[in-house]
Amino acid sequence: MSILTQSAAFIARSCARLLAQDCLLCAADSRSSLLCTACADDLPRLPADYCPRCALPTPAGEVCGRCLRQAPHYDAA
Ligand SMILES: [Zn+2]
Ligand SMILES: [Zn+2]
């Protein structure tokens, strides 16, 4: 390992240590991420198939009945 590579690795480790941050939700150590892995895993995710307009779950990813009856004032969520 060259001195340049060692220096770069040292700088990277120092920056990671200096810039380490706490999770925005629970204040646990989250390294360089905004959320810790526990909080990130706990967040709800969009279903596989959802309305392209409002993102509500729909059986085959088609536009939902609510958006068909009265389209929202936005194009997509
Ligand atoms: Zn957290
Ligand atoms: Zn919809």
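Below: a short report on this structure. (Residues numbered from 1 in each chain as written. Chains lettered and ligands numbered in written order. Predicted model: local features only at pLDDT ≥ 70, side-chain atom pairs only at ≥ 80, totals over all residues. Heavy atoms only, no water.)

### Looking at the overall build of the chain
Consideration 1: Counting its regular elements, the chain contains three helices and zero strands.
Consideration 2: Listing the helices and strands of the chain from first to last along the sequence gives α-α-α.
Consideration 3: Per-residue burial for the chain yields a buried fraction of 16% across its 77 residues.
Consideration 4: At a minimum sequence separation of 6, the contacts of the chain that also span at least 24 residues come to 5%. (Helix = DSSP H or I, 4+ residues; strand = E, 2+ residues; numbered from the N terminus. Buried < 20%, exposed > 50% of the residue type's maximum accessible area, 1.4 Å probe, protein only. Contact = heavy atoms within 4.5 Å.)

### Concerning the coordination of the zinc ion (ligand 1)
Consideration 1: Taken together, Cys 23 (SG), Cys 26 (SG), Cys 36 (SG) and Cys 39 (SG) make up the protein donors of the zinc ion (ligand 1), found 2.3 Å from the metal.
Consideration 2: If you look at the zinc ion (ligand 1), its four donor atoms make angles of 104 to 116° with each other, and the shape they trace is tetrahedral.
Consideration 3: Donor residues for the zinc ion (ligand 1) sit on one chain with the sequence pattern C-x2-C-x9-C-x2-C. Here Cys 23 is found in the loop between α1 (3-18) and α2 (37-42), whereas its partner Cys 36 is found in the loop between α1 and α2, with 13 residues between them in sequence.
Consideration 4: Cys 23 gets classed as buried once you look at its relative accessible area, which sits at 4%.
Consideration 5: Of the residues examined, Cys 36 reaches a relative accessible area of 10% and is grouped as buried. (Donors = N, O, S within 2.8 Å, 3.2 Å for Na, K, Ca; no water. Tetrahedral: all angles 85-135°; square planar, octahedral: opposite > 155°, others 65-115°.)

### With respect to the pattern of salt bridges
Consideration 1: One pass over the full model with this rule turns up one salt bridge.
Consideration 2: Here Arg 53 ties to Asp 75 by a salt bridge, and the two come within 3.9 Å at their closest N and O atoms. In this pair, Arg 53 is assigned in the loop between α2 and α3 (65-69) and Asp 75 in the segment after α3, connecting sequence segments 22 residues apart.
Consideration 3: Judged by its relative accessible area of 68%, Asp 75 falls in the exposed class. (Salt bridge = Lys/Arg side-chain N within 4 Å of Asp/Glu carboxyl O.)

### Topic: the coordination of the zinc ion (ligand 2)
Consideration 1: At 2.2 to 2.3 Å from the zinc ion (ligand 2) lie its protein donor atoms, namely Cys 51 (SG), Cys 54 (SG), Cys 64 (SG) and Cys 67 (SG).
Consideration 2: For the zinc ion (ligand 2), the single-chain donor residues occur in sequence as C-x2-C-x9-C-x2-C. For the pair formed by Cys 51 and Cys 54, the shared burial category is buried.

### Side note on unusual backbone geometry
Consideration 1: A positive phi angle, close to 55°, is found at Arg 31, a residue other than glycine.
Consideration 2: Here Arg 31 shows up in the loop between α1 and α2.
Consideration 3: In this structure, Ala 55 is a non-glycine residue whose phi angle is positive, near 75°.
Consideration 4: With respect to the secondary-structure elements, Ala 55 resides in the loop between α2 and α3.

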